[in-house]
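# Results of the structural survey
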Amino acid sequence: MALCYEQKMFFANYSMEDKIDYHRHPLLFALEVFSLFVIMVLGIVANVSVAIAILRVPSLRRNLNNVLVINLIVMDLSASVGSMPFSMYDLFNEGYLLCFPLLCRIHGIFAILACFGNFSAVVLISIFRCIGVVAGHKITMKLHHVFMMIAGGWFCALVMVIPPLTGSASTSVYTHGTHHCSPSWKDSCLYYNIGVALVYCITIPTLIICYGLITLTIKRSADRLADYGKRGQRDKDLSATDSTQNDSRIKTNQVDASSHQEDSLVLNPCSSAQSSDQISSISDRLDVNPQMKQLPVNEKGNGIVRGKPAPSKLPHFRRYDKKVSLSGAMLVLTTTVCWTPYFIVHTCNVEKTPSHGLEVFTMWLAYLNAALDPIIYTMLNKKIHKAVMEPFHYLRASVTFKCFHSK
């Protein structure tokens, strides 16, 4: 494959030591190609599947939280479609981006937009969830509020794109270790420090605070519900005791009435009409008393809801508490693990150039974050998971049916 002048000059200045580190090991080259291919396919399939599932199902489409998830998917697809294929092609034609400066600049824009757009999208989802759970009774989120949040997230991402686009703070340069064009972090430590601050001083702390408040609020609600269940059980026991006492009083009144009736009949044997009236009045009283046992158990007021006991909702609160805590922990963990090695390796404070293998590993790990986001939301949301897997179930059923009938 013919090399352009820029490629020849680049590899002429490239140290022989770094070339031996990677280019003379076919197994490492195959591993690099295979790993990037898996990450790219997984990122595209996962994000597209979740987006189609949300847009296809009306109930998911109307959910405002899923609008923010679609925004996150757009950011992840900008990495999976707008950045990874360029790196894949560069594995087979190294340095080709040097021959097309405009293409290198566009590639760098997608890389920065995918990076900081992903951070802003994840933060917006956590803030929206926090408002809905913690202050949902005071603040009602509407669709235009969600669009304003998305616009703010895009604005922050575009602000980080402007310096390398205009060359004011940094420029998009080709890096052989990452196989793509990205800002030259060493050209401007100010730009690098701002990017690191956005990740570790804003994004991750916001995720921790929001999901911590959500978990605490749900836990308190579950505790109050459990306490109400105990009070409801005590009320039920007291009602059962009152009912037993009423039954005993009814029986006592019945015995007294019977003895009084007998006495009346003995003392007034000729007064049949009077005896009949007495018996009917006693019967009326006896017919009224049993109705007292048909009253609802929890009909007592004091804020207690009539009907089905609320403690039946307690397991739901416990499951939701665990799910929200797991979701927040996984998002914080993936964001930290996937991007920390990249920012450490490309720090502007260290002059030593990292090895090719280390640069590739950190770049591929950052790419992996774009594939993990939709998987996390799919695993922890039953409705999205069902909508995503439904086409695959139909496909498997149809293949099984055709194979069965072909035999």
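Residues numbered from 1 in each chain as written. Predicted model: local features only at pLDDT ≥ 70, side-chain atom pairs only at ≥ 80, totals over all residues. Heavy atoms only, no water.

A separate point is the overall build of the protein chain. Looking only at helices and strands, one finds 13 helices and two strands in the protein chain. A fraction of 80% describes how many contacts in the protein chain between residues 6 or more apart in sequence connect residues 24 or more apart. For the protein chain, the accessible area works out to roughly 23,200 Å², and carbon and sulfur atoms hold 67% of it. (Helix = DSSP H or I, 4+ residues; strand = E, 2+ residues; numbered from the N terminus. Contact = heavy atoms within 4.5 Å. Areas by Shrake-Rupley, 256 points an atom, 1.4 Å probe, with all protein chains shown as cover.)

What follows is about the UniProt feature "transmembrane region" (unreviewed entry) in the protein chain. Under the local residue numbering, the UniProt record ascribes the feature "transmembrane region" (unreviewed entry) to residues 33-55, 67-89, 109-134, 146-165, 190-214, 324-344 and 364-380. Structurally, residues 146-165 comprises 100% helix and 0% strand, and the distance from its first C-alpha atom to its last is 28 Å. Segment residues 364-380 splits into 94% helix and 0% strand. End C-alpha atoms: 25 Å apart. (UniProt positions renumbered as here; feature names shortened; annotations may be inferred.)

Turning our eyes to something else, we now look at a nonpolar patch on the surface. A cluster of nonpolar side chains, contributed by F34, F37, V38, V41, V45 and F392, occupies part of the molecular surface with about 540 Å² of accessible area. Examined against the element boundaries, F37 turns out to sit in helix 3 (residues 26-56). On the accessibility criterion, F37 (47% relative accessible area) is partly exposed. (Patch = residues over 30% accessible without salt bridge, like charges linked within 9 Å, V, L, I, M, F, W, Y side chains within 5 Å. Salt bridge = Lys/Arg side-chain N within 4 Å of Asp/Glu carboxyl O. Buried < 20%, exposed > 50% of the residue type's maximum accessible area, 1.4 Å probe, protein only.)

This next bit is on the state of the cysteines. As enumerated under the stated definition, the model contains three disulfides in all. With a sulfur-sulfur separation of 1.9 Å, C104 is cross-linked through a disulfide to C181. Taking the torsion about the sulfur-sulfur bond, which here is approximately -115°, the covalent link between C104 and C181 counts as left-handed. Separated by 77 residues along the polypeptide, C104 in helix 7 (residues 101-134) and C181 in strand 2 (residues 180-183) bring together distant segments of the chain. Each member of the pair, C104 as well as C181, is classed as buried. In this model C189 forms its disulfide with C348; the gap between the sulfur atoms is 2.3 Å. Disulfide C189 to C348: torsion about the S-S bond roughly 130°, handedness right-handed. Placement of the pair is C189 in helix 9 (residues 189-267) and C348 in the loop between helix 11 (314-345) and helix 12 (356-379), with a sequence separation of 159 residues. On the basis of relative accessibility, which here comes to 8%, the residue C348 falls in the buried class. Here the protein chain pairs its bonded cysteines, counted in sequence order, in the arrangement 1-2, 3-4, 5-6. (Disulfide = S-S within 2.5 Å.)

We now examine the environment of F29. Relative to the helices and strands, F29 is located in helix 3. Using a relative accessible area of 27% as the deciding quantity, one classes F29 as partly exposed. For the pair F29 and F92, spaced 63 residues apart in sequence, the C-alpha to C-alpha distance is 9.8 Å.

Here helix 3 crosses helix 6 (residues 84-92) at 160°, and the two axes come no closer than 10 Å. Of the possible angle classes, the one that applies to helix 3 and helix 6 is roughly antiparallel. Crossing geometry of helix 3 relative to helix 6 is assigned as left-handed. Along its contact with helix 3, which presents F29, E32, V33, L36, F37, I39 and M40, the element helix 6 presents M84, P85, S87, M88, L91 and F92. (Axes fitted to C-alpha atoms, helices over the stretch in contact; angles between N-to-C directions. Parallel < 35°, antiparallel > 145°, perpendicular 65-115°, else oblique. Left-handed = near helix turned anticlockwise from the far one by under 90°.)

This paragraph deals with the nonpolar core. By size, the foremost hydrophobic cluster in this structure holds 68 residues, and its most contacted members are W339 and W364. It is helix 7 that provides the largest number of residues to this core, a total of twelve residues. If sequence neighbours within four positions are ignored, W364 has contacts with E32, S35, L36, I39, S87, L91, T178 and H179. F86, L97, C104 and Y174 belong to the second-largest nonpolar core, a separate cluster that totals six residues. (Core = buried A, V, L, I, M, F, W, Y, C linked by side-chain atoms within 4.5 Å.)

Here S182 is to be found in strand 2. Those residues in contact with S182, other than ones at most four positions away along the chain, are T171, S172, V173, T175 and Y342.

Below, the discussion takes up helix 5 (residues 64-80). Between its first and last C-alpha atoms helix 5 spans 25 Å; for 17 residues at 1.5 Å apiece the expected length is 24 Å, and the two agree. Counting buried positions along helix 5 gives 14 out of 17 residues, so the element sits mostly inside the fold. At the N-terminal end of helix 5, a side-chain oxygen is found 2.9 Å from the backbone nitrogen of N65, two or three residues along, and the residue is N63. (Expected span 1.5 Å × (residues − 1). Polar contact = N/O pair within 3.5 Å; in protein donor to acceptor, adjacent residues only side chain to side chain.)

Once that is clear, we can look at the confidence of the model for the protein chain. When pLDDT is averaged along the protein chain, the result is 76, and 72% of the positions lie at 70 or above. Across residues 16-22, where pLDDT falls below 50, the model places 15 contacts with residues more than four positions away in sequence or in other chains. Of the regions scoring below 50 in pLDDT, residues 261-311 engages in 28 contacts with residues more than four places distant in sequence or in other chains. (pLDDT = per-residue confidence, 0-100.)

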